[in-house]
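Here is what each chain is made of, one letter per residue.
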Amino acid sequence: MKKIGVLTAGGDAPGMNAAIRAVVRTSIYYGLKVVGIERGYEGLINNEVRPMDLSSVSGIINKGGTILKTVRCEELKTTRGQKKAVKVLKRNNIDGLIAIGGDGSLQGALALHEISGIPVVGIPASIDNDVTGTEMTIGFDTAVNTALEAIDKIRDTATSHERTFIIEVMGRERGFIALEVGLAAGAEIILIPEIKYSLDKICQKLKEGRDRGKSSSIIVMAEGAGNSFAIGEQIEEYVGTEVRVSILGYVQRGGSPTSFSRVLACKFGAAAVDLLRKGEKSKIVALKKGKMTSVSLKAACMKKKEINMDLYKLDAILSI
Ligand code: ADP
Ligand code: F6P
């Protein structure tokens, strides 16, 4: 292993920069050359490759987003696109690729490895925390804390005006953020795409709460769990409380990473370089029971990550 390429792909996540820094600095520490590939897989296909030195990653550990930029690239899903990308890797003498991103980005890395045999290591980074094989992705903790701060503020208005609030958090397909932040915020109800819910039962629970003297409620819902405005209208009609909807949106993707996201990024970045140095061909770095480990890239890509039902049940108990 002489030269490593690093890219970020998919949705940006706070801590990606800290991971890039860790990859670059660890590579240089061990005498390896390292290049950055700009704009994800699209930049790879278009040969947007630049050398990275120690100072190229100075002052970024605390910055959200990604200095390498990111693009969603449909072309990489085709064999033609993958062949183009492999050509660029070979032309630049890149003999190990580190892909930083979510489940889609890791699928892309696997496709490149399978078509070329070039060693690849994935670093799970996504606010969605939807990568199988790791308890945590870079950025998830930051996004949850950003959403929590916002929900705590919204609760002040909910209490003062005696309203029910539906707060929509990110997660078009997965409910990890909603589940975590819902529990932390003491939400009365959590709605996620993975679990079917009955609007009648939700209204009944809110009504019972109101009859017991509860004057305000918080519903945390993942964006992929339904239409928040339609749900709000039905609750207003059946429960009789005033309902407001608040969509938190992209604030959850940005901002300075928390210490947890940064430390995870430092560990993941260094471990990814170590795996390539040891001759591993196709892995992701991962956190299991709080400890650093690695998992086969294929295994990580094959299975959908399961929701932690214990958290869901715990919220139901604590919010009676
Ligand atoms: P994330 O990595 O945040 O989950 P995406 O799902 O958008 O984001 O994936 C990022 C990029 O990874 C896509 O734009 C595409 O270039 C690549 N990718 C995703 N899925 C595949 C796949 N099945 N095969 C090849 N490349 C893929
Ligand atoms: O990857 C995180 C995520 O924010 C998802 O929760 C959401 O569905 C998606 O990205 C939206 O991303 P974009 O608008 O960039 O396609």
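Residues numbered from 1 in each chain as written. Chains lettered and ligands numbered in written order. Predicted model: local features only at pLDDT ≥ 70, side-chain atom pairs only at ≥ 80, totals over all residues. Heavy atoms only, no water.

Once that is clear, we can look at the sheet that holds strand E8 (residues 217-222). Pairing in this open sheet of 4 strands is parallel, and the strands run E7-E8-E6-E9 from one edge to the other. Looking along the sheet, the strands with just one partner apiece sit at the ends: strand E7 (189-191) and strand E9 (242-247). Strand-to-strand twist in this sheet, taken as the mean axis angle between neighbours without regard to direction, amounts to 20°. Relative to E8, strand E6 (residues 163-169) is paired through 6 bridges, and the arrangement is parallel. Each residue of the ladder has a partner; that of Glu-168, found in E8, is Met-221. (Pairing = 2+ DSSP bridges. Helix = DSSP H or I, 4+ residues; strand = E, 2+ residues; numbered from the N terminus. Axes fitted to C-alpha atoms, helices over the stretch in contact; angles between N-to-C directions.)

Right, let's get into the site of ligand 1. Arg-72, Cys-73, Asp-103, Gly-104 and Ser-105 are the nearest of the 13 residues found near ligand 1. The side chain of Arg-72 places a nitrogen or oxygen atom 2.8 Å from an oxygen atom of ligand 1. Relative to its unbound accessible area of 560 Å², ligand 1 is 80% covered by the protein chains. By residue number, the principal contributor to the shell around ligand 1 is helix H4 (residues 103-116), which donates 5 residues. Its residues placed into classes, the shell around ligand 1 shows 3 nonpolar, 7 polar and 3 charged. (Near = heavy atom within 4 Å. Polar contact = N/O pair within 3.5 Å; in protein donor to acceptor, adjacent residues only side chain to side chain. Areas by Shrake-Rupley, 256 points an atom, 1.4 Å probe, with all protein chains shown as cover. Nonpolar A, V, L, I, M, F, W, Y, C, P; charged D, E, K, R; others polar.)

Here we come to the site of ligand 2. What surrounds ligand 2 is the set Arg-72, Ile-127, Asp-128, Met-170, Gly-171, Arg-172, Glu-223, Tyr-250 and Arg-253. A distance of 2.9 Å separates an oxygen atom of ligand 2 from a polar side-chain atom of Arg-72. Separating an oxygen atom of ligand 2 from a side-chain N or O atom of Asp-128 is a distance of 2.8 Å. Relative to its free-state accessible area of 400 Å², ligand 2 is covered by the protein chains to the extent of 80%. Looking at the shell around ligand 2 residue by residue, the class counts come to 3 nonpolar, 1 polar and 5 charged. Mapped onto the domain boundaries, the shell around ligand 2 takes at least three residues apiece from domain 1 (3-139 + 257-302) and domain 2 (142-253). (Domains from an automatic or database assignment.)

This paragraph deals with the environment of Ala-13. Looking at the secondary structure, you find Ala-13 in the loop between strand E1 (3-8) and helix H1 (16-29). Distance from Ala-13 to Gly-255, taken between C-alpha atoms, is 9.0 Å for residues 242 residues apart in sequence. For Ala-13, the residues in contact, after removing those within four places along its chain, are Gly-65, Ala-125, Ser-126, Ile-127, Ile-138, Gly-139 and Arg-253. (Contact = heavy atoms within 4.5 Å.)

What follows concerns the domain arrangement of the protein. Here the domain parsing of the protein yields domain 1 (3-139 + 257-302) and domain 2 (142-253). Domain 1 and domain 2 are separated by 34 Å when their C-alpha centres are compared. In total, domain 1 and domain 2 occlude about 920 Å² of area from one another, counting both sides; carbon and sulfur atoms represent 53% of this. On inspection of domain 1 and its partner domain 2, the count reaches 1 salt bridge. The shortest N-O distance in the salt bridge between Asp-12 and Arg-253 comes to 2.7 Å. On the surface where domain 1 and domain 2 come into contact, there are 5 residue pairs in polar contact (both at pLDDT 80 or more). Taken together, the residues of the side of domain 1 that touches domain 2 break down into 4 nonpolar, 5 polar and 4 charged. (Buried area = accessible area lost by both parts, 1.4 Å probe. Salt bridge = Lys/Arg side-chain N within 4 Å of Asp/Glu carboxyl O.)

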